[in-house]
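Read off the chains here:
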Amino acid sequence: MLRPCGIKGQKRKKREERYDKEEDEVEAEEQSIERAKRAMVEEKEMAMETSGKEEEELEGQTHEMAGIPIVPSDLKTKKPGLIFVLERASLEVAKVGKSYQILNSDDHANFLRKNNKNPADYRPDIVYQALLSILDSPVNKAGRLRAVYVKTDKGVLFEVKPHVRIPRTYKRFAGIMLQLLQQLSITAVGKREKLLRVIKNPVTQYLPVNSRKIGFSYSSEKLVKMNKYVAAVSDDVDIVFVVGAMALGKIDCDYIDDFIAISGYPLSAAWCISRICEAVADKWDVL
Ligand SMILES: C[S@@+](CC[C@H](N)C(=O)[O-])C[C@H]1O[C@@H](n2cnc3c(N)ncnc32)[C@H](O)[C@@H]1O
């Protein structure tokens, strides 16, 4: 059996038991945030003591990361915006050897097989590339991205603020995700703002009421030209795009207004998102 993630210290056992109980785990969000803050202070102290040592053991852990940088964008625009929901992201934490890590098919294939899991299902690189594609897009730089929500395969929902600068390497990204899933939020460097935070399900409570919610799948029978499709959406509403961040299977959401395919070929999530962002940029004259 995989050992799911836990919070450090005396409460670890309790957190481990609770982790797999889906939404239940974010119920005590306030208390958890306090615990996370204390843990971060402890971890910073520990990082100073251990710096330069035990590099392998620290791999995948998060001591050095007090926060991640933010990037400027044309914020606070009143114009309609876009929101992304990434469904079924593969972000599962387990204790591998001595440290907690985000499981992936490259580094943990043997571990996964020993635990009767299919390594092909463990692809956190998909959500990494998807987030890079969204946050690096010109529409985000133009201040039109309202929010990104990620739901993991285990049902944990978290929000990513549009001005977050996602780490440029997967390894550092995995460290941030580990920190987020263990401590429930990540703050900006030198600030108190939460750039990433675990939030309660369902995601629908955060979506604007009058928004248009569009789901994406290669297997949808409605194959559209994305530019034309987006051009036809009313100029007054926010648009929510729901894309799968898993390797196999199809998104299954009950809150979608329309379900479309945008290519006759199966695309990576990152490519699908690029096509969406380009179509929206075209509609809103973002160059
Ligand atoms: C790596 S793919 C997942 C593959 C999965 N077999 C599927 O087709 O849904 C990630 C996501 O990209 C989106 N996607 C991929 N190809 C697409 C297409 N041709 N049209 C619309 N969305 C697509 C879907 O949301 C999909 O869940």
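What counts as what
- Residues numbered from 1 in each chain as written.
- Predicted model: local features only at pLDDT ≥ 70, side-chain atom pairs only at ≥ 80, totals over all residues.
- Heavy atoms only, no water.
- Near = heavy atom within 4 Å.
- Polar contact = N/O pair within 3.5 Å; in protein donor to acceptor, adjacent residues only side chain to side chain.
- Areas by Shrake-Rupley, 256 points an atom, 1.4 Å probe, with all protein chains shown as cover.
- Helix = DSSP H or I, 4+ residues; strand = E, 2+ residues; numbered from the N terminus.
- Salt bridge = Lys/Arg side-chain N within 4 Å of Asp/Glu carboxyl O.
- Buried < 20%, exposed > 50% of the residue type's maximum accessible area, 1.4 Å probe, protein only.

Draft legend 1. Spatial organisation of the site of the ligand. Looking at the ligand, there are 17 residues lining it, with Phe 216, Gly 249, Ile 262, Tyr 265 and Leu 267 nearest. Phe 216 has a polar backbone atom sitting 2.6 Å from an oxygen atom of the ligand. The backbone of Gly 249 places a nitrogen or oxygen atom 3.2 Å from an oxygen atom of the ligand. Relative to its free-state accessible area of 530 Å², the ligand is covered by the protein chains to the extent of 89%. Put simply, the parts of the chain that give the shell around the ligand at least two residues each are strand 9 (239–244) and helix 9 (269–283).

Draft legend 2. Examining the pattern of salt bridges more closely. Going through the model one piece at a time under the given rule, you end up with seven salt bridges. Of the charged contacts in the structure, one is a salt bridge between Glu 159 and Arg 197, with a shortest N-O distance of 3.0 Å. Taken together, the residues span a long stretch of sequence, with Glu 159 in strand 5 (residues 157–160) and Arg 197 in strand 7 (residues 194–199) at a distance of 38 residues. Arg 197 gets classed as partly exposed once you look at its relative accessible area, which sits at 27%. Ionic pairing is found between Lys 222 and Asp 258, a salt bridge with its closest N-O pair at 2.6 Å. On the criterion of sequence distance, the pair formed by Lys 222 in the loop between strand 8 (212–216) and helix 8 (226–231) and Asp 258 in strand 10 (residues 258–260) is long-range, its members being 36 residues apart. Overall, Asp 258 belongs to the buried group, its relative accessible area being 12%. A single salt-bridge network, built from bridges that share partners, covers Arg 212, Lys 222 and Asp 258.

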